[in-house]
Amino acid sequence: LPQDPMDFEWSYWIEWGRERILWLLAGHLLVSQMSRLLVEKYKPWCLMVYGMAACWLLLGIKGFAVILLHAAISFAVAQFQLSLLTWLCSLILLSTLRIPAVEETKRKWYDTENEYYLLLFTVSVRCLFCTSFSLEYCWHAPTQKSSHSFPWMLAYVFYYPTFHNGPLVNFDEFSKQMRRQEAFSVKTNLSILIVGIIRIFFWWCLAELMIHLMYIHALYSSALPLESASYWALGGLALAQVLFFYVKYLVLYGVPGLLLQMDGLKPPALPCCVSLMHSFTKMWRSFDVGLLRFLVRYIYVPMGGSQSSLLGTLLSTALTFAFVSYWHGGQSYLWYWGAFNWLGVIVENGTKRILSIPLIQDLI
C-alpha cells in the first residue's frame, strides 16, 4: 500500500536516518564503547571530537562554524554571570534563525532544502543546549570552574546522539554523569543494545503500519473529508493523530536514548502513552521529559513558580508557554496552541486548589 507522505517530520527524519544519521550514530557507538573500554578518563573529549567531525561532515564547514559561533558567543556572554543577559543573548541568537536575509544566505550554502532544514533544526536544538550551559555557568560556584570550562561546553553542545533533534539533557545532569566513571561490562552493554534495538524496531514497524494503513495526515490535510465526517469520526481522527505522534517520538527519542544508556548516561524518560492521559498538566509532565526539565529549571522556578503568589504563578506559567511557542517557530498557530495549553493548565490547577478547600471537601 502507498505511504501517507503528509507527516513531514516522520518522512524527513527517516530519510536522513537511512542516508547518513544512523551510520553516524553507529560510529558514535563504536567510539564511545572503545573509549569506555580503553580510555575512560578521556571519553568526553573523544566523543566531542567525533561529534564535531560528524557535524562538519553533515552540515559542512559553514554549518559547523555557525554552531561553533553560537557556542562561543553564549560562553562569552556567560562570563558576566548575569542570568538576564544570558537569556537576552539566547533569544537574540534564536531570533537570527528567522531573519529572511540570514535564511536566504544559509539556503545558498546547500544544494537541497532538506540540507538547509537540517541546519535549521540542529541550530534550534543547540540554542537550548547553549542556554542550559550558560545559565549553569552563571549559577556555578568557583570550586566548579573546571567542569564549566569552554571545552566542557563543546563536549556538551557537540554530543552527537542528541545533536539534531534531542532529547534535551540539561548540562548539570550531563556533566555529572559524564564525569562519573563506572565499571564497564561488554556483556551488560550488549544485552541493553539488543533489547533496545528490538523495542525500537517494533515501534518503527508500528509507525510504518499506521502511515501505510490509516492515512491520518492525508485526511486532516483536506477539508472535504473533514466537513463530511461525523463528530465521532473527527474525534477518532484526532485520537489517531496524537497516537501516531506518540509512537513517532518513541522512535525519534528512543534511538538517542539507547545511545545515552550505552554511554553510561541516564536518558530522559520516553513519552508516556497519550491514551493514559486525561489532563494538560500530565501531558506536559510526561511527554517530553527533557524539555519539561529545561523549562522548569530555567524559566518556571526562577520566575517564582508555584511557590509565588497566584499572579506570580500565572506569569511564570505564561512565560514558560510563550518561550515554547517562540522556540517552535513563533507562527500565529503556535501562539494559539501555547495559549490554549496555558489556559488548560491554569484551569486544572485552579480547580485542584478549589477542591482542596476544607469546606468543598466536606461538601464532596
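- The name recorded for the chain in an unreviewed UniProt entry is HHAT palmitoyltransferase, from Polioptila caerulea.
- The Subcellular location (unreviewed entry) comment attached to the chain in UniProt states, word for word, "Endoplasmic reticulum membrane".

### Here's the deal with the side chain of S316
Part 1 of the reasoning: Among the secondary structure elements, S316 is positioned in helix α14 (residues 310-327).
Part 2 of the reasoning: Judged by its relative accessible area of 0%, S316 is buried.
Part 3 of the reasoning: Among residues more than four places away in sequence, those in contact with S316 are Y300, M303 and G305.

### As for the domain arrangement of the chain
Accessible area lost upon the coming together of the parts is a frequently used measure of interface size.
Part 1 of the reasoning: Assigned domains of the chain: these are domain 1 (8-180) and domain 2 (269-363).
Part 2 of the reasoning: Distance between the C-alpha centres of domain 1 and domain 2: 27 Å.
Part 3 of the reasoning: At the interface, 18 residues of domain 1 touch 13 residues of domain 2.
Part 4 of the reasoning: Between domain 1 and domain 2, a total of about 1,400 Å² is buried, with carbon and sulfur atoms accounting for 64% of that surface.
Part 5 of the reasoning: On the domain 1 side of the contact with domain 2, W87, R98 and L128 bury the most area, a combined 36% of that side's loss.
Part 6 of the reasoning: Connecting domain 1 to domain 2 are three salt bridges.
Part 7 of the reasoning: Linking domain 1 with domain 2 are eight residue pairs in polar contact (both at pLDDT 80 or more).
Part 8 of the reasoning: If you list the elements that add at least two residues to the side of domain 1 that touches domain 2, you get α3 (83-95), α5 (113-139) and α7 (171-179).

### Let's talk about the packing of helix α1 (residues 8-38) against helix α8 (residues 186-213)
Part 1 of the reasoning: At a closest axis distance of 14 Å, the pairing of α1 and α8 adopts a crossing angle of 175 degrees. The angle between α1 and α8 falls in the class roughly antiparallel. Note on element contacts: α8 touches α1 through V186, N189, L193, W204, A207, E208 and I211, opposite W10, I14, R18, L29, Q33, R36 and L37.
Part 2 of the reasoning: Residues that form the contact of α1 with α8 fall into these classes: nine nonpolar, two polar and three charged.

### What about the environment of S221?
Part 1 of the reasoning: With respect to the helices and strands, the residue S221 is situated in the loop between α9 (216-220) and α10 (223-228).
Part 2 of the reasoning: According to the relative accessible area criterion, S221 is partly exposed, its value standing at 44%.
Part 3 of the reasoning: For the pair S221 and R98, spaced 123 residues apart in the sequence, the C-alpha separation amounts to 26 Å.
Part 4 of the reasoning: Within the local environment of S221, its side chain forms a polar contact with the backbone oxygen of H217, the two atoms lying 2.6 Å apart.

### Looking at the layout of surface pockets
Part 1 of the reasoning: By volume, the largest pocket amounts to about 1,900 Å³.
Part 2 of the reasoning: Forming the walls of the largest pocket are 44 residues, and the residues nearest its centre are E9, F245, Y249, H328 and L334.
Part 3 of the reasoning: Tallied by class, the residues present in the lining of the largest pocket amount to 28 nonpolar, ten polar and six charged.
Part 4 of the reasoning: Each of domain 1 (8-180) and domain 2 (269-363) accounts for three or more of the residues forming the lining of the largest pocket.
Part 5 of the reasoning: Space inside the second largest pocket adds up to approximately 740 Å³.
Part 6 of the reasoning: Along its surface, the second largest pocket is lined by 25 residues, and L22, L25, I200, V251 and V255 are the ones closest to its centre.
Part 7 of the reasoning: Take the lining of the second largest pocket: its biggest share by element is nine residues, from α1.
Part 8 of the reasoning: The residue inventory of the lining of the second largest pocket, partitioned by class, reads 20 nonpolar, four polar and one charged.

### Some words on the packing of aromatic side chains
Part 1 of the reasoning: A complete count under the given rule lists 35 aromatic pairs for this structure.
Part 2 of the reasoning: Taking 5.7 Å as the distance between ring centres and 50 degrees as the angle between the ring planes, the aromatic pair formed by Y116 and Y117 counts as tilted.
Part 3 of the reasoning: For Y117, a relative accessible area of 25% puts it in the partly exposed group.
Part 4 of the reasoning: Feature note: the residues F75, F129, F133, Y137, F150, Y156, Y159, F171 and F174 constitute an aromatic cluster, connected by ring pairs.
Part 5 of the reasoning: Seen from the ring of Y326, R98 lies directly overhead, with NZ or CZ sitting 4.7 Å from the centre.
Part 6 of the reasoning: Taking NZ or CZ as reference, R126 lies 4.0 Å from the ring centre of F129, over its face.

### Concerning the nonpolar core
Part 1 of the reasoning: In this structure, F158, F174 and F323 are the most contacted members of the largest nonpolar core, which totals 90 residues.
Part 2 of the reasoning: Residue-level mapping places this core at the junction of two domains, with at least three residues from each of domain 1 (8-180) and domain 2 (269-363).
Part 3 of the reasoning: When residues no more than four places from it in sequence are discounted, the contact partners of F323 are W87, L91, L94, L128, F294, L295 and I299.

### Considering a nonpolar patch on the surface
Part 1 of the reasoning: Taken together, the side chains of L30, M34, L37, L38, V39, Y42 and V186 make up a nonpolar region of the molecular surface, amounting to roughly 700 Å² of accessible area.
Part 2 of the reasoning: Ranked by residues supplied to the nonpolar patch, first place goes to α1 with four residues.
Part 3 of the reasoning: Counting through the fold element by element, L38 comes out in helix α1.

### Describing unusual backbone geometry
Part 1 of the reasoning: With an omega of 5 degrees, the peptide bond between G166 and P167 qualifies as cis.
Part 2 of the reasoning: Positionally, P167 belongs in the loop between α6 (150-157) and α7.
Part 3 of the reasoning: Backbone geometry places Q81, a non-glycine residue, at a positive phi of 55 degrees.
Part 4 of the reasoning: One can find Q81 in the loop between α2 (43-78) and α3.
Part 5 of the reasoning: The class of Q81 is partly exposed, set by a relative accessible area of 39%.
Part 6 of the reasoning: Phi angles above zero are rare outside glycine, and Y215 is one such case at about 55 degrees.
Part 7 of the reasoning: Summarising the element assignment, Y215 is placed in the loop between α8 and α9.

Reading the values: rules and limits
- Residues numbered from 1 in each chain as written.
- Predicted model: local features only at pLDDT ≥ 70, side-chain atom pairs only at ≥ 80, totals over all residues.
- Heavy atoms only, no water.
- UniProt positions renumbered as here; feature names shortened; annotations may be inferred.
- Helix = DSSP H or I, 4+ residues; strand = E, 2+ residues; numbered from the N terminus.
- Buried < 20%, exposed > 50% of the residue type's maximum accessible area, 1.4 Å probe, protein only.
- Contact = heavy atoms within 4.5 Å.
- Domains from an automatic or database assignment.
- Buried area = accessible area lost by both parts, 1.4 Å probe.
- Salt bridge = Lys/Arg side-chain N within 4 Å of Asp/Glu carboxyl O.
- Polar contact = N/O pair within 3.5 Å; in protein donor to acceptor, adjacent residues only side chain to side chain.
- Axes fitted to C-alpha atoms, helices over the stretch in contact; angles between N-to-C directions.
- Parallel < 35°, antiparallel > 145°, perpendicular 65-115°, else oblique.
- Nonpolar A, V, L, I, M, F, W, Y, C, P; charged D, E, K, R; others polar.
- 1 Å grid on protein atoms, 1.4 Å probe; cavity = no way out; pocket = protein on both sides within 12 Å on 5 of 7 lines; lining within 4 Å.
- Points joined across faces, edges and corners; volume = space filled by probe spheres on them.
- Phe/Tyr/Trp six-rings, centres within 6.5 Å; stacked < 30°, edge-to-face > 60°.
- Lys NZ or Arg CZ within 6 Å of the ring centre and 35° of its normal.
- Core = buried A, V, L, I, M, F, W, Y, C linked by side-chain atoms within 4.5 Å.
- Patch = residues over 30% accessible without salt bridge, like charges linked within 9 Å, V, L, I, M, F, W, Y side chains within 5 Å.
- Areas by Shrake-Rupley, 256 points an atom, 1.4 Å probe, with all protein chains shown as cover.

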